[in-house]
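The residues making up each chain are set out below.
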Amino acid sequence: MLRGLFLSLLVLLLSSTVQAFECFEPSPVYLSLGEQYFESDDDRIQVQGNEKKLEVLEKLKGEWDGQLSELICEGSEEQPEPYYREGEVEADIRPSNTALLLMSLSKEYNSHYFEGDKVFLMNKGSMFSLRINDDYAMAHERERRGHGGIRHGSRFVEVFSEVFIHTADAITVEWVLFSNGVFVYSQRLVLERD
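One structure accompanies this document, and this report is about it. What you see is a predicted model; the values in this text were computed from it and never measured.

With respect to the overall build of the protein
Right, so step 1: Check the secondary structure of the protein and you find three helices and nine strands.
Right, so step 2: In the protein, the order of α-helices and β-strands from amino to carboxyl end is α-α-α-β-β-β-β-β-β-β-β-β.
Right, so step 3: Each of the 194 residues in the protein was classed as buried or not, and the buried ones make up 44%.
Right, so step 4: For the protein, the share of sequence-separated contacts (at least 6 apart) that also reach a separation of at least 24 residues comes to 54%.

Considerations on the state of the cysteines
Right, so step 1: According to the stated counting rule, one finds one disulfide in the structure shown.
Right, so step 2: Residue Cys23 pairs covalently with Cys73 via a disulfide, S to S 2.2 Å. Between Cys23 and Cys73 the disulfide shows an S-S torsion of about -85°. By sign, it is left-handed. One end of the pair, Cys23, is in the loop between helix H1 (2-15) and helix H2 (28-33); the other, Cys73, is in strand E1 (residues 62-75), with 50 residues separating them in the sequence.
Right, so step 3: Among the residues examined, Cys73 registers a relative accessible area of 12% and is labelled buried.

Some thoughts on the nonpolar core
Right, so step 1: Met103, Met122 and Trp175 are the most contacted members of the largest nonpolar core, which totals 48 residues.
Right, so step 2: Contact partners of Met103, with chain neighbours within four places excluded, come to Asp92, Ile93, Asp117, Lys118, Val119, Leu121, Val173, Trp175 and Leu189.

The rules behind each value
Residues numbered from 1 in each chain as written. Predicted model: local features only at pLDDT ≥ 70, side-chain atom pairs only at ≥ 80, totals over all residues. Heavy atoms only, no water. Helix = DSSP H or I, 4+ residues; strand = E, 2+ residues; numbered from the N terminus. Buried < 20%, exposed > 50% of the residue type's maximum accessible area, 1.4 Å probe, protein only. Contact = heavy atoms within 4.5 Å. Disulfide = S-S within 2.5 Å. Core = buried A, V, L, I, M, F, W, Y, C linked by side-chain atoms within 4.5 Å.

Below you can see the structure in the form of structure tokens.
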């Protein structure tokens, strides 16, 4: 009961936070770099994945459950249509060769709609910044990603991700996604260890 109360209070507190970006708002990095945004990768940092400070993220591996909230931008830049949804989530955080944080998510919306998702955050080859301490991790990454095959083209993706470690058994994971320089998606997970 205490666990459920903690989760409910935390979700209530976090869901009242004002969204940092409006749909299709330009990335602050794009605004500062201009067209170099799509080409600049000289400032990428090198992360092997075995650095001592990464042990904080290693301790998060395992099964979690909790609440999620998402903002999906639909429509166009001229007529944005923000779509909000909330639900329950089960997360399995596991090892990955390419990302510091790989989560397999099972989402349930309105007690009947289920969706699976794999989220790779803090990709080792695309980070421009990484900050980690005992109760917090933050990363900024940019890279070109395919749309699902050669015929479908590619898009330039930028992700800001944060992990707040409240206790060994309670975390919040948030990320915002920019596609081709504009904000299109955000997600917040409030999780407790299963």
